[in-house]
Amino acid sequence: MTFEEILYREEGPIGFITLNRPHDGNMFTPRMCHEIRDCIEGIRRETRTRVVVLSGAGERFFCIGGRKEGMEDTTLYAGVLPTLEMYEAIDKLQKPVIASVNGLAVGGGNVLQMVCDLTIAKQSAIFRQVGPMVGSFDAGYGTWYLEDLVGKKRAKDIWYRNSKMSAEYALEIGLINKVVPDDQLAEETRKYALEVADRGAFALASLKSAFNARHGGVNGLSRMAHDLLLRTYLQSEEHDELAKSFAEKRAPDASKFGH
């Protein structure tokens, strides 16, 4: 896969997506959002990749939010970045996504790392929500998922007061999973991802669906049931016997159901 605003490479079971606009804080653009979505959809359709790592190019920025340039003349976006499609793609991917935060994670960039399953950050990384300071907000992933991570009162404080948070503080309150020295981020991220990649792919996919089902409503529960159907039931003796007996117009052998 080739893109203009992100980079993608595979290293064994790990797929690395890099936001590649370091001159502009790795800010989202409509093109970048769609490229991340398309890249993840490609990963969904192949079995080589077991874990995805998402990071920002350069040493300063993970991502500092979104830029609306290029949307002014189209009614398709109506002045709103298509970030939801990107977040949804990460959320529904059946493989774990790890955010490797290499600098500032601000606004939509902080929401992006929250939507990922796990987050590892370098010691000098900074996290912040700035929406109300610039006339913006995130009333979906950026609020509900943040509340899950840090609790309602603290989530409101993060959104209402817009304070900067160090990596150590983010770890302390449960916003991220791990902090490492700046010069060890790449190496530690690789180790972290390989450890996750060693786990059972079906078990990880089922766990991710279960974690996400609560916020997904009927769509989330349907996704979990659909994944269990594809990966478990359709490979079971019960399914095989029922399908075979139906085709052969005979009563099924209940002893093969495994109950």
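Since the model is a prediction, treat every value here as computed from it, not as a measurement.

### Quick word on the overall build of the protein
Okay, so step 1: Summing up its helical and strand segments, the protein has 9 helices and 10 strands in all.
Okay, so step 2: Taking all contacts inside the protein whose residues are at least 6 apart in sequence as the whole, residues at least 24 apart take part in 68%.
Okay, so step 3: Carbon and sulfur atoms form 55% of the exposed surface of the protein, whose accessible area is close to 13600 Å².

### Regarding the packing of aromatic side chains
Okay, so step 1: As enumerated under the stated definition, the model contains 2 aromatic pairs in all.
Okay, so step 2: Taken together, a centroid distance of 5.7 Å and an interplanar angle of 70° make the contact between Tyr-87 and Tyr-141 edge-to-face. Here Tyr-87 is found in helix α2 (residues 83-92), whereas its partner Tyr-141 is found in helix α4 (residues 141-150), with 54 residues between them in sequence. Across the pair, exposure class does not vary: Tyr-87 and Tyr-141 are buried alike.

### Observations regarding the sheet that holds strand β3 (residues 51-56)
Okay, so step 1: Read across the sheet, 6 strands follow the order β1-β2-β3-β5-β7-β10 without closing on themselves; strand pairing throughout is mixed. This sheet does not close on itself; its edge strands, each paired only once, are β1 (6-11) and β10 (178-180). Geometrically, the sheet is characterised by an average inter-axis angle of 20° between neighbouring strands, direction not taken into account.
Okay, so step 2: Bridge analysis of β3 against strand β5 (residues 97-101) gives 4 bridges, and the strand direction is parallel. Bridge assignment links Val-53 to a residue of β5, and that residue is Ile-98.
Okay, so step 3: Lying over the sheet, helix α1 (residues 30-44) contacts β1, β2 (14-19) and β3, oriented at roughly 20° with respect to β1.

### A look at the nonpolar core
Okay, so step 1: In this structure, Ile-17, Phe-28, Phe-127 and Leu-175 are the most contacted members of the largest nonpolar core, which totals 46 residues.
Okay, so step 2: At 6 residues, α1 tops the list of elements feeding residues into this core.
Okay, so step 3: Setting aside residues no more than four positions away along its own chain, Ile-17 makes contact with Ile-6, Leu-7, Tyr-8, Cys-39, Ile-40, Ile-43, Val-52, Val-53, Leu-54 and Ser-55.
Okay, so step 4: The next biggest cluster of nonpolar side chains, apart from the first, holds 13 residues, and it includes Phe-16, Val-51, Ala-193 and Ala-197.

### A closer look at the side chain of Gln-129
Okay, so step 1: You can see Gln-129 is positioned in the loop between β8 (126-128) and α4.
Okay, so step 2: Side-chain polar atoms of Gln-129 contact the backbone oxygen of Gly-107, separated by 3.4 Å.
Okay, so step 3: Dropping the residues within four chain positions of it, Gln-129 is found in contact with Gly-107, Asn-110, Val-111, Met-114, Ile-158, Trp-159 and Asn-162.

### A word on unusual backbone geometry
Okay, so step 1: The phi angle at Asn-162 is positive, at roughly 60°, despite the residue not being glycine.
Okay, so step 2: Following the sequence through the fold, Asn-162 ends up in the loop between α5 (152-161) and β9 (165-166).
Okay, so step 3: Its identity as a non-glycine residue notwithstanding, Lys-249 has a phi of 55°, on the positive side.
Okay, so step 4: Take Lys-249: it is sitting in the segment after α9 (237-247).
Okay, so step 5: What makes Lys-249 exposed here is its relative accessible area of 77%.

### A few points about the environment of Val-196
Okay, so step 1: Within the secondary structure, Val-196 is located in helix α7 (residues 185-197).
Okay, so step 2: Note: C-alpha distance between Val-196 and Pro-96 (100 residues apart in sequence) is 8.0 Å.

### Some details on the environment of Ile-120
Okay, so step 1: Mapped onto the fold, Ile-120 is located in strand β7 (residues 118-122).
Okay, so step 2: For Ile-120, a relative accessible area of 0% translates into the label buried.
Okay, so step 3: In this structure the C-alpha to C-alpha distance between Ile-120 and Ile-176, which are 56 residues apart in sequence, comes to 6.6 Å.
Okay, so step 4: If near-sequence neighbours (up to four positions away) are discounted, Ile-120 is found in contact with Ile-98, Ala-99, Ser-100, Val-101, Lys-178, Val-180, Leu-185, Glu-188, Thr-189 and Tyr-192.

Basis of the calculations
- Residues numbered from 1 in each chain as written.
- Predicted model: local features only at pLDDT ≥ 70, side-chain atom pairs only at ≥ 80, totals over all residues.
- Heavy atoms only, no water.
- Helix = DSSP H or I, 4+ residues; strand = E, 2+ residues; numbered from the N terminus.
- Contact = heavy atoms within 4.5 Å.
- Areas by Shrake-Rupley, 256 points an atom, 1.4 Å probe, with all protein chains shown as cover.
- Phe/Tyr/Trp six-rings, centres within 6.5 Å; stacked < 30°, edge-to-face > 60°.
- Buried < 20%, exposed > 50% of the residue type's maximum accessible area, 1.4 Å probe, protein only.
- Pairing = 2+ DSSP bridges.
- Axes fitted to C-alpha atoms, helices over the stretch in contact; angles between N-to-C directions.
- Core = buried A, V, L, I, M, F, W, Y, C linked by side-chain atoms within 4.5 Å.
- Polar contact = N/O pair within 3.5 Å; in protein donor to acceptor, adjacent residues only side chain to side chain.

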